[in-house]
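# Chain and residue survey
Now for the letters of each chain:
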Amino acid sequence: MNGVIVVDKPQGFTSFDVVAVLRGLSKEKKIGHTGTLDPMATGVLSLLLGRAAKAADLLPDQDKAYRAEFLLGERYDTGDITGALVETDSTPVSRENLEGVLPAFRGKVWQTPPMYSAVSVDGQRLYKLARQGLEVERPARQIHIASLVLESYDALTRRGILLAECSKGTYIRTLIEDIAKAAGTVGTMTALRRTRACGFSIQEAHPLEGLRTLAAEGRLEEALLPVERLFESYPAVKVSAAQETRFRNGGGLDMGRLRLPISGPEEGQSFRVRGPKGGFLGLARADLERQELRFVKLFTQ
């Protein structure tokens, strides 16, 4: 099987668990994914099957959207309630107080990865060090929060829900801890649901049980999306039969012999390459010095 299956990951499953299930259902050995989800999290997990697995390092849209539930007044060593409680604080926080600190977390911000994460420092995974009771310095990284909305908050129970749209590499549990600190208290994430990732929405995601049913009925391919969906933001260029042969062999395409869908492409701009019958072949990038679209990746073999 070749293409993308968007899964609504259930709670308690690792991303690798989901890959293992789909490997068994599809009988496809080569399966990758577009970004892990912690076991406690649910939601969009896009799996790349067969030739689509080659797209993992070429994705144009890696932004994500989340619905996160939180609790103020408690802090856990993992940043969420799956860990050990390490601090409590009874400082009252109003909705107005919370709303007032959110603007500082929108746009480009710096975030320090949590110890319980897969980030490597000096060749060691942070979560492995954390499990040994160790904490090391880790450099802050710049992330981008495109949208941050307080959907609900109860000052009595100190529970609320945040909606966030953010760049790849954003840790929502750390974001909640930082927001709580700015509001004068501590906080933790109690639930997380990814509602969009890599251009796919939760409405397109299939529960695992639904995929098991499709597989049992021999209809799993009904859940399969074409790999081209990953690159819809790139303009498409159609080539002739001779140009298709050249591209399949890794050759560049003379821009003077193409009908480009845009005028004045930028250096390095990516294009979807389609054959004379419209089928998706692969990706190419503009090389203005050579005046050609240079071969990047073929997805038909």
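In what follows, the structure referred to is the one given above.
Scanning the protein from terminus to terminus reveals 6 helices and 19 strands. Reported as C-alpha extents along the three principal axes, the dimensions of the protein are approximately 70 × 50 × 40 Å. A total of 301 residues make up the protein; the buried ones form 46% of that total. The long-range fraction of contacts in the protein, counting pairs at least 24 apart against all pairs at least 6 apart in sequence, stands at 68%.

Turning our attention to the packing of aromatic side chains. Enumeration over the complete set of coordinates arrives at 6 aromatic pairs. Ring plane angle 55° and centroid distance 5.0 Å describe the contact between Phe 247 and Phe 295, whose orientation is recorded as tilted. Of this pair, Phe 247 sits in helix α6 (residues 241-248) while Phe 295 sits in strand β19 (residues 292-298), placing them 48 residues apart in sequence. Judged by relative accessible area, which is 31%, Phe 295 ranks as partly exposed. Measuring from centroid to centroid gives 5.8 Å for Phe 280 and Phe 299, while their planes differ by 20°, and the two rings are stacked. Residue Phe 280 is located in strand β18 (residues 280-287), and its partner Phe 299 is located in the segment after β19; the two are separated by 19 residues in the primary sequence. Here Phe 280 matches Phe 299 in class, with each residue buried. Ring pairs connect the aromatic residues Phe 231, Tyr 234, Phe 280 and Phe 299, which therefore count as one cluster. Its guanidinium or amino end placed over the ring of Phe 299, Lys 54 lies 5.7 Å from that ring's centre, counting from NZ or CZ.

For the rest of this paragraph, the subject is the pattern of salt bridges. Pairs can form between side chains of opposite charge whenever their charged atoms are close. Enumeration over the complete set of coordinates arrives at 18 salt bridges. A salt bridge links Arg 67 to Glu 69; the shortest N-O distance between them is 3.6 Å. Overall, Arg 67 belongs to the partly exposed group, its relative accessible area being 31%. Residue classification places Glu 69 among the partly exposed positions, given a relative accessible area of 33%. Residue Arg 272 pairs with Glu 228 through a salt bridge whose shortest N-O separation is 2.8 Å. Placement of Arg 272 in strand β17 (residues 270-274) and of Glu 228 in the loop between α5 (208-216) and β15 (236-238) is noted, with a sequence separation of 44 residues between them. Here the salt bridges share partners, and the residues they tie into one network are Asp 287, Arg 290, Glu 292 and Arg 294.

Where helix α1 (residues 15-26) contacts α5, the axes come no closer than 10 Å and their chain directions differ by 10°. Of the possible angle classes, the one that applies to α1 and α5 is roughly parallel. Considering only the axes of α1 and α5, their crossing is left-handed. Across from Val 18, Val 21, Leu 22 and Leu 25 in α1, the residues of α5 making contact are Leu 208, Leu 211, Arg 212 and Ala 215.

Parameters and conventions
- Residues numbered from 1 in each chain as written.
- Predicted model: local features only at pLDDT ≥ 70, side-chain atom pairs only at ≥ 80, totals over all residues.
- Heavy atoms only, no water.
- Helix = DSSP H or I, 4+ residues; strand = E, 2+ residues; numbered from the N terminus.
- Buried < 20%, exposed > 50% of the residue type's maximum accessible area, 1.4 Å probe, protein only.
- Contact = heavy atoms within 4.5 Å.
- Phe/Tyr/Trp six-rings, centres within 6.5 Å; stacked < 30°, edge-to-face > 60°.
- Lys NZ or Arg CZ within 6 Å of the ring centre and 35° of its normal.
- Salt bridge = Lys/Arg side-chain N within 4 Å of Asp/Glu carboxyl O.
- Axes fitted to C-alpha atoms, helices over the stretch in contact; angles between N-to-C directions.
- Parallel < 35°, antiparallel > 145°, perpendicular 65-115°, else oblique.
- Left-handed = near helix turned anticlockwise from the far one by under 90°.

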